[in-house]
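Chain residues, written in single-letter form:
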Amino acid sequence: MKGILRFSMIMSLSVIVLLLLLTFGRAGTTGKISGRISDASTGEPLIGVNIYIEGYPYGSASDIDGFFYILNIPPGEYTLVAQMLNYREQRVNDVEVNIDLTTRLDLKMAPEALDLGEEITVVAERPLIQKDVTSTSVTISTEDFKSLPVENFNEIVNLQAGVIDGHFRGGRSGEVAYLVDGIPVKDQYNNEVAVEIENTSIQQLEVISGTFNAEYGQAMSAVVNMVTKEGGNKFDYDLSGYVGNYFTNNSDIFPNLGIDNGGRSENVQATVSGPLPLFNKLKFFATGRYFRSDGRYYGRRLYKIDDNFPFTPSGDGTYVRMDPFKKYSLQGKLTYYFIPSMKVNYTFFWDDNENRDYDHGYRLAPDGIKSHFNSNLHHNLILNHTLSNSTFQTLKGAYSRSIYTGYVFEDPFAEGYVIPELGNPQSGYTFRTGGNQSDRYNRDLITMIGKYDLVSQITKEHKITLGAEYRIHDLSQFYTAFRASPNASPDDETKYDIVYPEENAPGWESYTREPFEFNIYLQDKMEYEDFIVNFGVRYDYFDPNTKIPSNPRNPQYNPLFPSGEKKADRKQQVSPRFSVAFPISASGVIYGSYGHFFQVPNFDQLYRNIVDLPDGRTTFQIGSETGETGEFETVVGNPDLKSESTVKYELGLQQVLYSDLVMYVTAYYSDIRNWVQVELIETYDTRKYARFINRDYANVTGLILSLEKRFSGLWGANLDYTYQIAKGNASDPQDALNRERNNEEPEKTLIPLDWDQRHTLNFAVNTGKPGNWNLGLIGRYGSGTPYTADRFFNPVDITFRNDRRKPAFLTFDARFEKFFNIGKVKLSTFFFVYNIFDRLNEVNVYGSSGRAAVDYNTQFAGDVIGLHTIDAYVNNPTFYSAPREIRVGLRITY
């Protein structure tokens, strides 16, 4: 808590100072409009033209060359107005502004002498190519979310070129920075997104999968930057809901699915925005959602938790949901202008989730698996003040908290618990005949962030951005698992006698840590007629703020051997970023980029099984729960881990092929070092454990070819093909430990990574008549990812891991919506179809056959001691993608 108090004092002082200076603004979440204004008759530049965005306090005036720019504009579509004495007012509708990009708009104003009416109104044409894009970046608008069959923002992110199941351009999962309104929202315990932003809250989403500017840190592969909606000047209401179910022909793999059985889903969502009554300057946006799904995995309650003998089950045989999910969420935003140049935004996100994870071994005893509970709360406060037409600054503060809990029964000593040995299979390829999972956990992570940025267009060509950020974390982690008491037996009433490890003993992980970090950056965007350059540099500092044993071979301070304690090293790094774009014609741009990117390993890899003793010393928990030394039973964290690093290179081309057709070609290479792996350590007293270190290496080479057909003539489309080679020492950070347990030698060469999908093809088609009907279709193809063949069945040509390929992946999804206007009310009906053709994509396979449904090792298994067949066990539903699902819904908008 000392760190939290220190952070609060720093933030309070910062707020007071900055309020006195009135220097607030926004960076990383806004765009820019620039252009040149000239006389329509003579072509001469016009000086002093008043240019502003209608309905918003954003404006500028043209200079001696007729040039103007407007900074600090949130993404969206606007109407731009140009006014000058003796000239007709000019209005430009549908001017689109994107995050961190410049919208170019050149105007020609007509003198009043020309008989053209009171004003001139035109519609802005969105350029087919963005000339100031210097690395691969995709912008997704709120309309894209409405037209495509996607449930959440992660689904549309995974449709982008170079993204394979959460792996961006060949990196490991968790190498992505997630930002909401410019503030990080990543859970650094596991590097996943800390809170899910609902589609209805997102105004614009930017996915940067190439190199990214110096303002973005703690990421090696990509940045996902979301800007949320603000309330407008009028009230808007939206109410929607749907119901769904699975409709599959593969009931042998996915039993109990269908309209008369299980697999149902339901969703209700309401959104309202506008000015707050009696306070017109205060705008609000709010959305709430309830979602529930039965899931697609079902087990049969053939055995109860306290059953044990295979041939005397006591269950009722009913089907039980094994991966249900339920969620409540509430998100909102308040916007207030103190004066035209000062704005305050307050945003909050809350969600509460409950789910279970399918465990194939418990398919006939499904009551024995854990339930997982997760609650997330996130607050943002952004103070924005524009100092002049060319300069603005920002102060942002954020507080987030994520709580995770998991157990079978809430009470650790509930009467329903049985010893772990109960219900264990008595033969191979056999389901459990009772029992329960024995572990439970509780994690609480609080993160507080203070962020300051300054943006200034110091000349027509140079826009300087500099900023600093401070983060402090308060992590509490608890994990344990019970075992059988010494006299317990599965065969009598002592099967309920469970015991937990003693506090701070192996199997009882409990710690609190308060790491903190700081960064500063400087970025210069140089925009010339013939080229655009982005150059930046970033400095990061991280303090794990903990002590560790100084001798890994004596972590428990055995007095017979050298021992000691030290404070974990602080980490510092400097990362330069450079990118450039050259417009080669009015319809083509070449760009290239280079940068160094770093990321601190997740907190689990830093602190796992490192606990504080009552005497104040810090030690590693080593050994098994029973007190035996074991063979590498424990994996411990390492606060001395260095940051993982990537050097990225990219070269690309944007080229207009036709009036509404653009081609993008991108080549990229990533050199990845200091990936986390484990080393195997034996202590002086012969205990063995594994510890995380920086050791793994990988490199990725890729080529992307994309085509975009702008929506016109009632249809639009995107098509992208990716060829990629991703190789490294290992895919799993615990690969060395797994090899030791399996008596395998370490790899001596780079091997294909688990997500090394050589060929990927994505397409999205959108067709319809705006305001009447719309059809969105998504198709995805992926060549097989690697797997390791069973050496017994392939003894000759198996030389390394991941030497074979799984079958290819292919799926199609669709969304149709029909609109009806009833006065001011817009009514629509819609339906989603996921996996239209109900294709069984094999996402996991058996090493003996390379297929999901066949395991040749069953010939050595012998008879099953139980009430099922071997084929029933081999038929694992998690080896396949989701079956066909249909959802039907209704939306009312006012």
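Refer to the structure presented above.
Conventions used here
- Residues numbered from 1 in each chain as written.
- Predicted model: local features only at pLDDT ≥ 70, side-chain atom pairs only at ≥ 80, totals over all residues.
- Heavy atoms only, no water.
- Helix = DSSP H or I, 4+ residues; strand = E, 2+ residues; numbered from the N terminus.
- Rg over C-alpha atoms; globule rule 2.2 N^0.38 Å.
- Buried < 20%, exposed > 50% of the residue type's maximum accessible area, 1.4 Å probe, protein only.
- Contact = heavy atoms within 4.5 Å.
- Areas by Shrake-Rupley, 256 points an atom, 1.4 Å probe, with all protein chains shown as cover.
- Lys, Arg positive; Asp, Glu negative; His and termini not counted.
- Charge placed at Lys NZ, Arg CZ, Asp CG, Glu CD.
- Pairing = 2+ DSSP bridges.
- Patch = residues over 30% accessible without salt bridge, like charges linked within 9 Å, V, L, I, M, F, W, Y side chains within 5 Å.
- Salt bridge = Lys/Arg side-chain N within 4 Å of Asp/Glu carboxyl O.
- Core = buried A, V, L, I, M, F, W, Y, C linked by side-chain atoms within 4.5 Å.

Caption draft 1: View of the overall build of the chain. The secondary structure content of the chain amounts to six helices and 53 strands. Taken over the C-alpha trace, the chain has a radius of gyration of 30 Å; the compact-globule value for 894 residues is 29 Å, and the two agree within 12%. A principal-axis box enclosing the C-alpha atoms of the chain has dimensions of 100 × 65 × 60 Å. Each of the 894 residues in the chain was classed as buried or not, and the buried ones make up 57%. Expressed as a percentage of contacts within the chain between residues at least 6 apart in sequence, the contacts between residues at least 24 apart total 72%. For the chain, the accessible surface area stands at approximately 37,400 Å², while carbon and sulfur atoms represent 56% of it. Side chains of the chain carry 87 positive and 111 negative charges; the gap between the two charge centres is 2 Å.

Caption draft 2: Spotlight on the sheet that holds strand E18 (residues 222-228). Spatially, the five strands line up as an open sheet ordered E10-E17-E18-E13-E14, and their pairing is mixed. Two strands close off the open sheet at either side, each with one partner strand: strand E10 (137-141) and strand E14 (183-184).

Caption draft 3: Expanded view of a nonpolar patch on the surface. A cluster of nonpolar side chains, namely Leu657, Tyr658, Leu703, Leu705, Leu707, Leu719, Tyr721, Tyr723, Leu761 and Tyr781, defines an oily patch on the protein surface of about 860 Å² accessible area. Taken together, the elements giving at least two residues each to the nonpolar patch come down to strand E42 (644-658), strand E44 (688-712) and strand E45 (715-728). Tracing the backbone shows Leu761 in strand E47 (residues 759-769).

Caption draft 4: Structural view of the nonpolar core. The biggest cluster of nonpolar side chains holds 25 residues, and the ones touching the most others in it are Phe153, Leu205 and Val224. Once residues within four sequence positions are removed from consideration, Phe153 is found in contact with Phe145, Tyr178, Val193, Glu196, Ile197, Asn199, Ile202, Leu205, Val224 and Met226. If you look at the next biggest cluster of nonpolar residues, it comprises 21 residues, including Leu46, Val49, Ile51 and Ile70.

Caption draft 5: Just the pattern of salt bridges, in detail. This structure, assessed with the given rule, holds 52 salt bridges. Its salt-bridge partner being Lys327, residue Glu198 comes within 3.0 Å of it at the nearest N-O pair. Remark: Lys327 occurs in strand E24 (residues 325-339) and Glu198 occurs in the loop between strand E16 (192-193) and strand E17 (202-208); sequence separation between them is 129 residues. Each member of the pair, Glu198 together with Lys327, is buried. Salt-bridge contacts for Asp294 lead to Arg321; the nearest nitrogen and oxygen are separated by 3.1 Å. One end of the pair, Asp294, is in the loop between strand E21 (279-293) and strand E22 (298-300); the other, Arg321, is in strand E23 (residues 319-321), and 27 residues separate them in sequence.

Caption draft 6: Examining the environment of Thr30 more closely. Along the chain, Thr30 turns up in the loop between helix H1 (2-21) and strand E1 (31-39). Sequence-wise, Thr30 and Gln621 are 591 residues apart; in three dimensions their C-alpha atoms are separated by 48 Å. Leave out the neighbours within four places in its chain, and Thr30 touches Asn72, Ile73, Pro74, Asn98, Ile99, Asp100 and Phe392.

Caption draft 7: Region of interest: the environment of Ser402. Mapping Ser402 onto the fold places it in strand E27 (residues 391-407). The exposure class of Ser402 is buried, given its relative accessible area of 5%. The spatial distance from the C-alpha of Ser402 to the C-alpha of Thr701 is 36 Å, given a sequence separation of 299 residues. In this structure Ser402 touches Asp187, Ala194, Ser375, Asn376, Arg443, Asp444 and Leu445, once residues within four positions along its chain are discounted.

Caption draft 8: Main features of the side chain of Ser240. Topologically, Ser240 is positioned in strand E19 (residues 236-246). Classification of Ser240 by relative accessible area gives buried; the value is 10%. When residues no more than four places from it in sequence are discounted, the contact partners of Ser240 are Asn267, Val268, Gln269, Leu890 and Arg891.

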